[in-house]
Amino acid sequence: MGASDFVNLPNIGTSVRRKEDYRFLTGGGQYTDDITLANQSYAVFVRSPHAHAKINSINTAAAKAAPGVLDVFVGEDVAADKINGLPCGWLITSTSGNPMKEPPHPILAQGKVRYVGDHVAMVVAETLEQAKNAAELVDVDYEVLSAVVRVTDAAKATALHEAAPDNHCYKWAIGDKGQVDAVFATAAHVTKLALTNNRLIPNAMEPRAVIGSYSRATDEYVLYVSNQNPHVERLLLTAFVMGLPEHKVRVIAPDVGGGFGSKIYLYAEDVCLTWASKKLNRNIKWTADRSEAFVSDAHGRDHSSHAEMAMDKDGKFLAMRVHTDANMGAYLSTFAPAVPTILYATLLAGQYTCPQIYVEVDAWFTNTAPVDAYRGAGRPEATYLLERLVTRAAWELGLAQDEIRRRNFVKDFPYQTPVALQYDVGDFHALLKRGNELADVAGFEQRKTASAAKGLLRGIGYSCYIEACGLAPSNIAGALGARAGLFECGEVRVHPTGSVTVFTGSHSHGQGHETTFAQVVAARLGISVDAVDIVHGDTGRVPFGMGTYGSRSMSVGGTAIMKALDKIETKAKKIAAHLMEASDADVEFANGEFTIKGTDKKVTFGQVALTAYVPHNYPLDKLEPGLNETAFYDPTNFTFPAGTYICEVEVDPATGVVRVDSFTAVDDFGNIINPMIVEGQVHGGLVQGIGQALLENCVYDPESGQLLTGSFMDYAMPRADDMPNFKLATLCTPCSHNPLGAKGCGEAGAIGSPPAVINAVLDALRPLGVIDFDMPASSSRVWEAILSAKK
Ligand code: MCN
């Protein structure tokens, strides 16, 4: 079935209420910490209080003797059992041809700690209180070393790892430097910008939690874990770290209260609990408290960049040159190396026809928590840099922000960018036009005058983003360094009475798949949405899966389900043909009924399902009983959601307080399955993006390496009253290469919004002489910028 037929099916494009919400809103959700197993004990981690230190000795005697303690484990125990360190799932090759530096990432420290929160020991006790008390008794003799937290200081700092003496992980580049330099040498105008992309702490509502469980009877493990991709977790855990046969480990990621990327990875705690559950023959639970989450979850962003755009006299882009220093933190997290390279540099063409682009990335180790993908992963960094640069160029050339964009938009599709990606479809002019209408840009000057009358500065900011979702064609990902395939799997099981269970490798942790996937299946089979249940998050029930990240679930996971439905339809037609004594080539299927062309013969989907399982009068030589099909789908390209975001702010020059007065987002997500869910996704993304632009900032002390923003007292999360009511609209150019015509929507808001906000703040401050600014635009920073511009 093609996308144009699919989109006209009942239930598609309909705001079906979220099926999962009854469970969540009535307290019926089951998160990892809600699960209590028989004979359960509790783990507490002793974490490094220092950013960088040698461990001279660890004395665990007092802790081991404390009441209720079952055991205390340290790095030597791990090494003795030959448990490997955490693997990295993406290999980046340096411009020199050498592989990136990949130092060991032990699950419990081996002789050295490298960031505040690094794992030193694990205490397991009968109760959580006993484990916490005993953890206080673990006596570690540290020899403190000097620490580094900023990428720009990394090269000259004390080395974290023997394998990387200058703290350099890799140098990677894309594009032809010689050609780009030549264009710059003769360009009519060059715009330059240095900027940082602030470090963020993910803060999902549910902190990470793990239960390790082992059965001596079967020699099998069950790992309950708050995770976004249980099959990948199992593969990494068994094949790379513990050397276990995969079929002996079942990973269950039950209800998960948000992840935003931070729960993609295999963490040390997951391995420690699995390993210790066998050693102690006990079920063991660990749930991070919020302070622990702050120091030990993988963080996001943290780039320092310099960008230049070469243009002709009319503002037509000729070439772009970018250098970025990316902070990897103390160790390489599972997909970290891909974020500032493959997911970043390839998006730097944006919506524009810039013929030549050269990007160079240096990645560094520092004494900070590992940095990895966080909602958007690389694409927010690219969009922030490009959209800030484009607006700066407009101002330098005396052009309006929308005009410079219009002059450079890609118009013809498919469009091959100079940075590897090929956009299949899009209509950037239409998005900008609709954005200008919805934001009432025509009325801006009047509103600005009204603000001025109140002593406030009003600014408007644009951001025209494009992102690559639906990660990713496996052959391309493999060529770019991925150490895994990036397909998805779906199994459709039709039951004898015609209801359906779908087993998907995608994982829902807030995105509403239990509703949207059910809509897809119900639409195809002509049955009710309530007759379809979605099972996910369990390696024991789902055949295989690569999980949820990169806004891939509908376009890749949904397509795998569509492929399984194709097989269901093919077989069901054969059964229907048998029931109607016709050839299956003559059978048509629509609205839940099988008919024969040119006759009034018909059978229902329910009759076919029953016949499949009650095959009394069945051509068994030609047909198998049952109606259960599985498909794996490997995408042929990324999907390319795009949008125009327009932000209007009011700044109080006396206090530096920024208020977002209006925010307009016009997105193209291709065909939309559930508009309400998509709107919710955009809202969430916008709040995260505006949060990054105005409030959120992870700060480490540059001297001691202590995390200064280690709680909600210091790390400002956005709240409802920081946000205006969003003005949203969608336009549609259907994705050309999946049968749903759908693109991803889960990250767009977080990708497109930060530059729109900062461009608006700068537009407001320009009359005062403030031309540059780093996120977040907190009142103190804005106020300081105003003061220094006055000086
Ligand atoms: N959808 C749709 N029509 C489309 C595209 C999507 O109806 N054209 C629906 C989908 O069926 C799904 C939802 O919108 O119900 C999001 O779909 P998609 O864009 O495919 O993204 P994923 O489901 O793969 O979710 C991943 C994405 C990412 S990468 C992050 S990070 C993120 C996000 O989703 N983390 C989230 N949204 C989140 N929302 C919540 N509540 N919690 C998180 O951790």
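For the structure itself, consult the block above.
Visitor: Got a minute to help me understand the overall build of the protein chain in this structure?
Guide: For the protein chain, the count of helices and strands is 21 helices and 28 strands. For the protein chain, the C-alpha radius of gyration of 27 Å lies close to 28 Å, the compact-globule estimate for 791 residues. Considered along the principal axes of its C-alpha atoms, the protein chain spans approximately 90 × 75 × 50 Å. Buried residues in the protein chain amount to 61% of all 791 residues. Of the contacts formed within the protein chain by residues at least 6 apart in sequence, a portion of 80% connects residues at least 24 apart. If you sum the accessible surface of the protein chain, you get close to 28500 Å²; carbon and sulfur atoms cover 52% of it. Placing the 69 positive and 89 negative side-chain charges of the protein chain at their respective mean positions leaves the two points 2 Å apart.

Visitor: What's the story with the pairing of strand E15 (residues 356–365) in this structure? I'm lost.
Guide: Side chains on a regular strand alternate between the two faces of the sheet. Most of E15 is tucked away: 9 of the 10 residues are buried. Of the strand pairs in this sheet, strand E7 (residues 168–174) and E15 are connected by 6 bridges, and their pairing is antiparallel. Counted as the bridge partner of Trp172 is Val361 from E15.

Visitor: Honestly, the site of the ligand in this entry has me stumped. Any pointers?
Guide: In the vicinity of the ligand, 32 residues are found, and the nearest of them are Gly259, Gln511, His513, Gln681 and Cys745. At 3.3 Å, a backbone N or O of Phe669 approaches a nitrogen atom of the ligand. For the ligand, a nitrogen atom lies 3.2 Å from a polar atom in the backbone of Ile673. Relative to its free-state accessible area of 830 Å², the ligand is covered by the protein chains to the extent of 96%. Elements represented by at least two residues in the shell around the ligand include exactly helix H16 (513–525), helix H17 (553–579) and helix H19 (675–694). With 3 residues, H19 is the single largest residue contributor to the shell around the ligand.

Visitor: I would appreciate a short explanation of the packing of aromatic side chains in the present structure.
Guide: The geometry of an aromatic ring pair is captured by two quantities: the separation of the ring centres and the angle between the planes. Summed over the entire model, instances satisfying the criterion amount to 22 aromatic pairs. Between the aromatic rings of Tyr415 and Tyr423, the centroid separation amounts to 6.0 Å while the plane-to-plane angle is 40 degrees, which identifies the pairing as tilted. Across the pair, Tyr423 and Tyr415 agree in class, each one buried. Here the guanidinium or amino end of Arg208 rests over the ring plane of Tyr267, the centre of that ring lying 3.6 Å away. If you follow Arg321 out to its NZ or CZ, it ends over the ring of Phe184, 3.9 Å from the centre.

Visitor: Teacher, can you tell me more about the pairing of strand E11 (residues 249–252) here?
Guide: Note: strand E10 (residues 220–225) against E11, 4 bridges, orientation parallel. Opposite Val222, over in E11, you have Arg250 as the bridge partner. A crossover connection joins E10 to the parallel E11 through helix H8 (residues 230–242); in handedness this β-α-β unit is right-handed.

Visitor: Explain the environment of Asp33 to me, please; I cannot follow it from the model alone.
Guide: Along the chain, Asp33 turns up in the loop between helix H2 (21–25) and strand E1 (40–47). Among the residues examined, Asp33 registers a relative accessible area of 40% and is labelled partly exposed. Considering only alpha carbons, one finds Asp33 and Leu266, 233 residues apart in sequence, at a separation of 18 Å. Aside from chain neighbours lying at most four places away, what touches Asp33 is Ala209, Lys285 and Thr287.

Visitor: Looking at this model, I keep getting lost on the environment of Val241. Mind explaining?
Guide: Within the fold, Val241 resides in helix H8. When the C-alpha atoms of Val241 and Asp440 are compared, they prove to be 56 Å apart, with 199 residues separating the residues in sequence. Non-local contacts of Val241, meaning those with residues more than four positions away in its chain, are made with Lys82, Ile83, Asn84, Gly85, Leu86, Pro87, Leu236, Leu266 and Val271.

Visitor: When you look at the sheet that holds E11 in this model, what are you seeing that I'm missing?
Guide: Strand pairing in a sheet is mediated by backbone hydrogen bonds. Such pairs are either parallel or antiparallel. Taken together, 7 strands build an open sheet; the order of strands is E3-E5-E1-E12-E9-E10-E11 and the sheet is mixed. With partners counted over all chains shown, the strands left at the sheet margins are strand E3 (69–74) and E11, one partner each. Pairwise comparison of adjacent strand axes, ignoring direction, gives a mean angle of 20 degrees for this sheet. Looking at chain direction, E1 and strand E5 (residues 119–125) are connected through 6 bridges and run antiparallel. Residue Val46 lies in a different strand from E5, and its bridge partner there is Ala121.

Visitor: How should I be thinking about the sheet that holds strand E21 (residues 532–535) in this particular structure?
Guide: The mixed open sheet is built from 4 strands, whose spatial order is E21-E20-E19-E25. What marks the edges here is a single partner per strand, and that holds for E21 and strand E25 (628–633). Neighbour-to-neighbour, the strand axes of this sheet turn through a mean angle of 15 degrees, independent of strand direction. Here strand E19 (residues 488–494) runs beside strand E20 (residues 500–504); their pairing, made up of 5 bridges, is antiparallel. When the bridges of E20 are listed, Glu491 appears paired with Phe503. Of the strands in this sheet, E20 and E21 touch H16, which is tilted by about 135 degrees from E21. Here H17 sits on the sheet in contact with E19, E20 and E25, set at roughly 140 degrees to E25.

Visitor: When you look at helix H12 (residues 401–408) in this model, what are you seeing that I'm missing?
Guide: The α-helix advances 3.6 residues per turn, and as a result positions three or four apart in sequence lie on the same side. Residues of H12 that are buried include every one of Gln401, Asp402, Ile404, Arg405 and Asn408, and no others. Angularly, the buried residues of H12 cover 165 degrees about the axis, an arc narrow enough to put them on a single face. The inward-facing, buried residues of H12 abut strand E13 (303–311), strand E14 (317–329), helix H11 (379–397), helix H13 (428–438), strand E18 (457–466) and helix H20 (748–765).

Visitor: Honestly, empty space enclosed by the protein in this entry has me stumped. Any pointers?
Guide: The method is simple in principle: a probe with the dimensions of a water molecule rolls over the atoms, and the space it marks as empty is what remains. Considering all chains together, one arrives at 7 cavities of 30 Å³ or more under this definition. A volume near 120 Å³ is recorded for the largest cavity. Looking at the largest cavity, it is lined by 16 residues, and the ones nearest its centre are Leu86, His105, Tyr267, Ser333 and Pro370. Looking at side-chain class alone, the lining of the largest cavity contains 10 nonpolar, 5 polar and 1 charged residues. Of the voids in this model, the second largest cavity is the one considered here, and its volume is about 60 Å³. Contributing to the lining of the second largest cavity are 13 residues, with Phe24, Ser508, His509, Gly510 and Glu514 lying nearest its centre. A class-by-class count of the residues in the lining of the second largest cavity yields 2 nonpolar, 6 polar and 5 charged.

Visitor: Just checking my understanding: could you explain the pattern of salt bridges for this structure?
Guide: Inspection of every chain in the model, using the stated rule, returns 51 salt bridges. Where Asp21 meets Arg18, a salt bridge forms, and the shortest distance between an N and an O atom there is 3.0 Å. Among the residues examined, Arg18 registers a relative accessible area of 21% and is labelled partly exposed. Each of Asp440, Arg447, Lys454, Arg458, Glu648, Glu650, Arg659 and Asp661 takes part in salt bridges that share partners, so that together they form one network.

Visitor: Which parts of the structure should I look at to understand unusual backbone geometry?
Guide: Most peptide bonds are trans, and most residues other than glycine sit at a negative phi. A cis amide bond, omega -5 degrees, links Phe413 with the succeeding residue Pro414. For Pro414, the location among the structural elements is in the loop between H12 and strand E16 (415–416). In this structure, Pro776 follows Met775 across a cis peptide bond, with omega equal to -5 degrees. The phi angle at Ala377 is positive, at roughly 45 degrees, despite the residue not being glycine. Its place among the elements puts Ala377 in the loop between E15 and H11. For Ala377, a relative accessible area of 4% translates into the label buried.

What counts, and where the lines are drawn
Residues numbered from 1 in each chain as written. Predicted model: local features only at pLDDT ≥ 70, side-chain atom pairs only at ≥ 80, totals over all residues. Heavy atoms only, no water. Helix = DSSP H or I, 4+ residues; strand = E, 2+ residues; numbered from the N terminus. Rg over C-alpha atoms; globule rule 2.2 N^0.38 Å. Buried < 20%, exposed > 50% of the residue type's maximum accessible area, 1.4 Å probe, protein only. Contact = heavy atoms within 4.5 Å. Areas by Shrake-Rupley, 256 points an atom, 1.4 Å probe, with all protein chains shown as cover. Lys, Arg positive; Asp, Glu negative; His and termini not counted. Charge placed at Lys NZ, Arg CZ, Asp CG, Glu CD. Pairing = 2+ DSSP bridges. Near = heavy atom within 4 Å. Polar contact = N/O pair within 3.5 Å; in protein donor to acceptor, adjacent residues only side chain to side chain. Phe/Tyr/Trp six-rings, centres within 6.5 Å; stacked < 30°, edge-to-face > 60°. Lys NZ or Arg CZ within 6 Å of the ring centre and 35° of its normal. Right-handed = clockwise from strand over helix to strand, strands pointing away. Axes fitted to C-alpha atoms, helices over the stretch in contact; angles between N-to-C directions. Arc of directions from axis to C-beta. 1 Å grid on protein atoms, 1.4 Å probe; cavity = no way out; pocket = protein on both sides within 12 Å on 5 of 7 lines; lining within 4 Å. Points joined across faces, edges and corners; volume = space filled by probe spheres on them. Nonpolar A, V, L, I, M, F, W, Y, C, P; charged D, E, K, R; others polar. Salt bridge = Lys/Arg side-chain N within 4 Å of Asp/Glu carboxyl O.

By themselves, these figures tell us nothing about what the structure is for.
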